[in-house]
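# Understanding the architecture of this molecule
Take a look at the letters that make up each chain.
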Amino acid sequence: MKLLSLNLKQQTMLMAVMASTLPVLAIGAVTHQVANRVLIQQNEDAQRARADDLQRTVYLFMEEREHDIRILANLSIFTRADLREQVSSQEKGEILDQMMTQYEIYDSIAVFDIKGDVIAQTTGTALRNHLNRSYIQTALETKQVVLSQPIISTTAGTFSVYAANVIRDSDTQQVIGFVRARMAVEVFKTILESYSSENEDYYLISQNDEVFLDSDNIYFTQVLSTGETFKHPNHESSFQIYDV
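Bear in mind the structure is a predicted one, so any value in this text is a computation, not a measurement. (Residues numbered from 1 in each chain as written. Predicted model: local features only at pLDDT ≥ 70, side-chain atom pairs only at ≥ 80, totals over all residues. Heavy atoms only, no water.)

## What about the overall build of the protein chain?
Of the regular secondary structure elements, the protein chain holds six helices and 10 strands. Evaluated residue by residue, the protein chain yields a buried proportion of 36% over its 244 residues. Residue pairs in contact within the protein chain that sit at least 24 positions apart in sequence constitute 54% of those at least 6 positions apart. Summed over all atoms, the accessible surface of the protein chain reaches about 14900 Å², with 53% contributed by carbon and sulfur. (Helix = DSSP H or I, 4+ residues; strand = E, 2+ residues; numbered from the N terminus. Buried < 20%, exposed > 50% of the residue type's maximum accessible area, 1.4 Å probe, protein only. Contact = heavy atoms within 4.5 Å. Areas by Shrake-Rupley, 256 points an atom, 1.4 Å probe, with all protein chains shown as cover.)

Take a look at the structure:
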């Protein structure tokens, strides 16, 4: 409206200013949008890279657990017939206690004979026969190291991950028993915390594509280490959420 009160020269000058300014503003707006898209893409790429790095970290962590269980399965006090007889169950348990303290990861380590009865274990609740444990059955069937999915310990009731391996006689190479080491799912929380921030949250997902841990919660499965399903009367879903 004010434009109508100006003389022709002023109008021409004003229109010239507007004409020269509008393309710059338009270009600036487009540049801003492009810059936003670039920043969003860079942010997504950074998050993807961090997620890949986290996955590698967890993979290396589990590789170390595989290495641990191989060492435990090859302890001479269990593989050599003469030492199996000479070293008492108490002494074997003390050695396992020392190794558990050294690893600082596990809350229980135990060795069993081929029938599933305990030969030696770390200090704690006396363990019963473990032959019916799902991860033990897999280790005996495959004759290989097994790293379990997150499951509930039938003995302790803790949400845990297990490493298991068969034990072979050093002379005959026959399978004479097995060893298993248990660690709480919560040990993974420290790894997650090193990657999570106020704006980013990462999750650990089981082989069944179910989230079992994030930086704030543990999602408890109801699958026991025996493979049976525990049904809590107040929970219909397969997972329960707990703050950690």
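## With respect to the packing of aromatic side chains
Tallied over the entire structure, the rule returns five aromatic pairs. Ring plane angle 85° and centroid distance 6.5 Å describe the contact between F188 and F212, whose orientation is recorded as edge-to-face. Taken together, the positions of F188 in the loop between β6 (175-184) and α6 (189-193) and F212 in strand β8 (residues 211-214) put the pair 24 residues apart, joining distant regions of the chain. As far as the burial class goes, F188 and F212 line up, both buried. The cationic tip of R65 hangs over the ring face of F61; the distance from NZ or CZ to the ring centre is 4.5 Å. (Phe/Tyr/Trp six-rings, centres within 6.5 Å; stacked < 30°, edge-to-face > 60°. Lys NZ or Arg CZ within 6 Å of the ring centre and 35° of its normal.)

## Re the side chain of S160
Take S160: it is sitting in strand β5 (residues 159-168). Residue S160 is classed as buried on the basis of its relative accessible area of 0%. Within the structure, the side chain of S160 is placed 3.0 Å from the side chain of T158, a separation counted as a polar contact. Each residue touching S160, except ones within four places of it in the same chain, is listed here: Q149, P150, I151, S153, R182, M183, A184 and V185. (Polar contact = N/O pair within 3.5 Å; in protein donor to acceptor, adjacent residues only side chain to side chain.)

## Considerations on the pattern of salt bridges
Scanning the model with the defined rule gives eight salt bridges in all. Of the charged contacts, one joins R84 and D169 as a salt bridge, the two residues approaching to 2.9 Å between their closest N and O atoms. Taken together, the residues span a long stretch of sequence, with R84 in helix α3 (residues 81-86) and D169 in the loop between β5 and β6 at a distance of 85 residues. Given a relative accessible area of 7%, D169 falls into the buried group. Between K189 and E193 there is a salt bridge, with the nearest N and O atoms lying 2.3 Å from each other. On the criterion of helical spacing, the pair formed by K189 and E193 is a turn pair, its members being four residues apart in helix α6. Each of E64, R65 and D68 takes part in a single network of salt bridges with overlapping partners. (Salt bridge = Lys/Arg side-chain N within 4 Å of Asp/Glu carboxyl O.)

## Observations concerning helix α4 (residues 89-103)
Taking 1.5 Å per residue as the helical rise, α4 with its 15 residues ought to reach 21 Å, and the 21 Å between its terminal C-alpha atoms agrees with that figure. At the exit of α4 stands E104, carrying a positive phi of roughly 60°. (Expected span 1.5 Å × (residues − 1).)

## Some points on unusual backbone geometry
Residue E104 is not a glycine yet carries a positive backbone phi of 60°. Within the secondary structure layout, E104 lies in the loop between α4 and β1 (108-113). One non-glycine residue with positive phi stands out, namely K143, at about 60°. Position of K143 relative to the elements: it lies in the loop between α5 (134-142) and β3 (146-147).

## Topic: α5
If you check which residues of α5 are buried, you get Y135, I136, A139 and L140. Axial view of α5: buried residues confined to an arc of 135°, hence all on one face. The inward-facing, buried residues of α5 contact β3, β4 (151-152), β5 and β6. A positive backbone phi angle near 60° is found at K143, which sits one or two residues after α5. (Arc of directions from axis to C-beta.)

## Examining the pairing of β6
For a regular strand, side chains alternate in direction, first toward one face of the sheet and then toward the other. Of all 10 residues making up β6, seven are buried, and the element is well covered by its neighbours. Of the strand pairs in this sheet, β1 and β6 are connected by six bridges, and their pairing is antiparallel. Note that in β6 the partner of I109 across the bridge is A181. Both β5 and β6 contribute to a ladder of nine bridges, which runs antiparallel. Bridged to V166 within β6 is F178. (Pairing = 2+ DSSP bridges.)

## Points about the environment of K92
Considering the arrangement of structural elements, one finds K92 in helix α4. Considered as a pair, K92 and T122 are 30 residues apart in the sequence and their alpha carbons are 8.8 Å apart. Aside from chain neighbours lying at most four places away, what touches K92 is I77, F78, L83, R84, V87, I119 and A120.

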